[in-house]
Structure formats: structure tokens, C-alpha cells
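# Chains, contacts and geometry: an overview
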Amino acid sequence: EFRRVLFRSVTDDLNSPVTLNGNLTISGGPFIIHPSKSLLVIGNLANNLTEGLQIKSDATGTGSIIGNTISGTGTGKIERYIPGWSSNTNGWHFLSSPVLNQPIAPDFTDPVASNYDFYKWDEPSMTWLNQKVSGNNITSFNNGEGYLVAYAIPSVKHFSGILNTSDVAFTDLSYTSVNPDFYGWHLLGNPFSSAIYWNDGNWGLNHVAGIVKVLNSGGTYTDVGPGGILPSMNGFLVQVTDASNTIIIPKSSRVIGNGTDWYKKTTADSNKLLMTVSSADDSSYVQCVIMFDSHSTSAYDPANDSHFLAGIQGTPRFFSILNDATSLSTNTLPPLPENKTIKLGFVKGASGDYTFTEIGRAHV
């Protein structure tokens, strides 16, 4: 059981993550996990208090927790700090809920409609559906789905309810977009109160591409490959490759201690060539990845490549071009012979000048 020093919170004076090789019972008051702190409960987490478990978030990071099992009638209150909107290309975020049946209003809306934006992606019509339109019927977060949000000022939002601790499954997501560039793309989300590994061997994937996309601070998408981190409360774009498909987001892929960032940062990779085009006038940027793998081909491989998707309006476009004119944000090739040419494409955004940088092994 937890010793007295740990009984009420995981705080700044403790190393993180904290692992409890036993059970945790919350009684007599809330148990608090402070920003950037993490707790792994190997045994059962019993909570019979309303908002008995509280996870804090601020500009420095977000707390996280994994319970092997969670019992009791109590609820949790989980915070998510969201930076404010500052321009057309800066201030948008992918968001998902770690609790069941979370209402969108009032905490994720605003009485002044112009102070926030909240959208859900619709693959068949390739349209961002606006939550403010009552006919779209976007009233609650759906478990395992992601949303696109922006808020006029920085704020701490709250999820309150029963934490999700079960696998989340999707079957036969649509593959019907009227535009081939958008075939099969769906905005899903991490449904847990901790980060998860993407496509680490535990996911149930059938007719699903091996690379997902997360929205980065440049208003474009960062590709996340197998084994990459998807933070808690972070949405991600996944592409199905056939109308018959399955995606199971597994609780077994949860990982503790990665609750800070909205999107993944990778370490150097000797098989990766990362290229970035950055605006000289605003914060927008776009990246293209070339990788090398003996199991890949020069054509599009769903397991190792990712189709290019344009980011927020006004951001630049930068991609690799295959012989059949397919545009890729990640292009994985077999080992190259000498003097091999790789065709790239670039389309400027709202900015007038751009810088081409970070050629080589670098951070995403």
C-alpha cells in the first residue's frame, strides 16, 4: 500500500514516474497527481469519491496515471492545459477524452462563440463538422475519437467522469471520400489517462496504414511510426486502406511518464532523412521524411509510407513524389544505389519566405 508520504499526491518533490507495487485506495479526500508527474499502480486503484482522483495540467506538462484495474463508484477530474490561438496557423490542437461520456459543454465551449472552435472530421464528405451547428449533433466526446479545437486564450480544460480502462475498438470505418487524397482518413484519439505506444504489436489492426499523423505546432502534421508515443488526450489521424477494417486501441499499450507534449518528439535515427521547410514570417513549418528499409519497395507501402495531407490553411506543403505522382510525407525506400534521385514537391503557404533546414538525422 502507499506509504504516508505518498498518500495524498504525486508532487514535485518525488521522482517520476512513481510505481506502486500494490493497491491504492482513495478515501477521505482527493488523490492528486501534479503536472508532469506520473503514477503506475500495479494492483487495483479503488476510488469511491466524486472527483477522488485528480490529474493536474499546466503550461509545463500534464500528469498521468495507469491503473492495472480500477474499481469503485468514484470519478476522476483530469485537466488539460491548452495554449491559446495566436494566428491562423498557430493554436489548433487535436484533443480526445480519457473519461466516458464527457459532455462538450460547458467546459469545452464558450458563451461567446467567437472565442472557440470545435470540429469533428467526417471522412465521407471530407468536411470538418462544426460543433456550433446544432444539426451536426456534436454534444459529447465519443470514446476513442479525436477532435480539432482552438481557444482564444490559454486555458485549463477539465474532463470529469469515470476513467476509461478498456480496449476501444472500431470496425469498418468508412473508406468513401469523394477525393482520393482523403480516402480512409479518420481522426481518432488516445482514450486513456496516460500516453500510449502507437502500433507496438498490441494494436488490433486490419487494413490500416502503419503510420499516423498528429497536429504539430507548425500547423501541419507530424508522422508517428510504429512504437511512437501518442500523449494522453491527444488525437491522431489514421488511414484505413479498405472498407473492411478493424482498429483496436489496447490498454496494454499504455505507457507512463509521457504526458507532457501534444505530439511526439523522436530521437535521431540512422535510417532517417528528415527535411523541414519553415516560414520566415510566422510559426508554420512542414516536414518530409525519407527512410530506408530493406523490406520496403519504391512504390507506396501502407505499412511503411504515409500519404501527404495538407495542414491548416495558410501552411506550406512539402512532400516526396513517387513515379505514379503519389505524394508522401513519409517515403520508405529500399537501400539506395549511388546517384539515386528522389523527387520532392513544395507549395508555399501564406508566408513570403521559407527556409529549408534540418537535412539529415534530426529531431521531429
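So, here's what we can say about the structure. Predicted model, so just to flag it, every value in this text is computed and none were measured.

Within the protein one finds zero helices and 32 strands. By the burial criterion, 50% of the 364 residues in the protein qualify as buried. Summing over all exposed atoms, the protein offers an accessible surface of approximately 16000 Å²; the carbon and sulfur share of this is 50%.

What follows deals with the environment of Gly 29. Tracing the chain through its elements places Gly 29 in the loop between strand S3 (24-26) and strand S4 (31-33). Gly 29 gets classed as buried once you look at its relative accessible area, which sits at 15%. A sequence separation of 22 residues divides Gly 29 from Glu 51, and the C-alpha atoms of the two residues are 9.1 Å apart.

This part covers the sheet that holds strand S24 (residues 246-249). With antiparallel pairing, the three strands of this open sheet are ordered in space as S16-S24-S19. The open sheet has two edge strands with one neighbour each: strand S16 (168-171) and strand S19 (204-206). Put simply, the sheet's adjacent strands are angled 10 degrees from each other on average, direction ignored. Relative to S24, S19 runs antiparallel, the two sharing three bridges.

This part is about the environment of Ser 306. Its place among the elements puts Ser 306 in strand S28 (residues 306-307). For Ser 306, a relative accessible area of 2% corresponds to the buried category. Here the alpha-carbon distance between Ser 306 and Gly 210, two residues 96 residues apart in the chain, equals 7.9 Å. In this structure Ser 306 touches Trp 185, Ile 211, Lys 213, Asp 223, Tyr 300, Leu 328, Ser 329 and Thr 330, once residues within four positions along its chain are discounted. Engagement of the side chain of Ser 306 in a polar contact is seen with the side chain of Lys 213, the distance being 3.0 Å.

One can find Ala 310 in the loop between S28 and strand S29 (317-321). Ala 310 sits in the partly exposed class, given a relative accessible area of 31%. In the structure, Ala 310 is positioned 129 residues away from Asp 181 in sequence and 9.6 Å away in space, judged by C-alpha atoms. With residues near it in sequence (within four places) discarded, Ala 310 still touches Tyr 221 and Arg 317.

Ranked by internal contacts, the top residues of the largest apolar core, which has 28 residues, are Leu 39 and Phe 118. Of all the secondary structure elements, the ones that give two or more residues to this core are strand S2 (18-20), S3, S4, strand S5 (38-47), strand S6 (53-55), strand S10 (76-82), strand S12 (116-122) and strand S14 (147-151). One finds Phe 170, Phe 192, Val 208 and Val 212 within the second-largest nonpolar core, a separate group that totals 18 residues.

Before going further, it helps to spend a moment on the sheet that holds S14. Reading across the sheet, the four strands line up as S11-S14-S12-S13 and stay open at both edges, with antiparallel pairing between neighbours. A single partner strand is all that each edge strand has here, and the edge strands are strand S11 (93-95) and strand S13 (127-130). Averaged over all pairs of adjacent strands, the angle between their axes in this sheet comes to 40 degrees, without regard to strand direction. As paired elements, S12 and S13 share four bridges and run antiparallel to each other. Of the residues in S13, the one forming a bridge with Tyr 119 is Asn 130.

Here the focus is the pattern of salt bridges. Tallied over the entire structure, the rule returns four salt bridges. Lys 132 serves as the salt-bridge partner of Asp 117, at 3.5 Å between the closest nitrogen and oxygen. Note that Asp 117 is positioned in strand S12 and Lys 132 in the loop between S13 and S14, a separation of 15 residues in sequence. One salt bridge connects Glu 145 with Lys 120, and the closest N-O pair in it is separated by 3.5 Å. With Glu 145 in the loop between S13 and S14 and Lys 120 in strand S12, this pair connects stretches of sequence that are 25 residues apart. On the accessibility criterion, Lys 120 (25% relative accessible area) is partly exposed.

Rules and cut-offs
- Residues numbered from 1 in each chain as written.
- Predicted model: local features only at pLDDT ≥ 70, side-chain atom pairs only at ≥ 80, totals over all residues.
- Heavy atoms only, no water.
- Helix = DSSP H or I, 4+ residues; strand = E, 2+ residues; numbered from the N terminus.
- Buried < 20%, exposed > 50% of the residue type's maximum accessible area, 1.4 Å probe, protein only.
- Areas by Shrake-Rupley, 256 points an atom, 1.4 Å probe, with all protein chains shown as cover.
- Pairing = 2+ DSSP bridges.
- Axes fitted to C-alpha atoms, helices over the stretch in contact; angles between N-to-C directions.
- Contact = heavy atoms within 4.5 Å.
- Polar contact = N/O pair within 3.5 Å; in protein donor to acceptor, adjacent residues only side chain to side chain.
- Core = buried A, V, L, I, M, F, W, Y, C linked by side-chain atoms within 4.5 Å.
- Salt bridge = Lys/Arg side-chain N within 4 Å of Asp/Glu carboxyl O.

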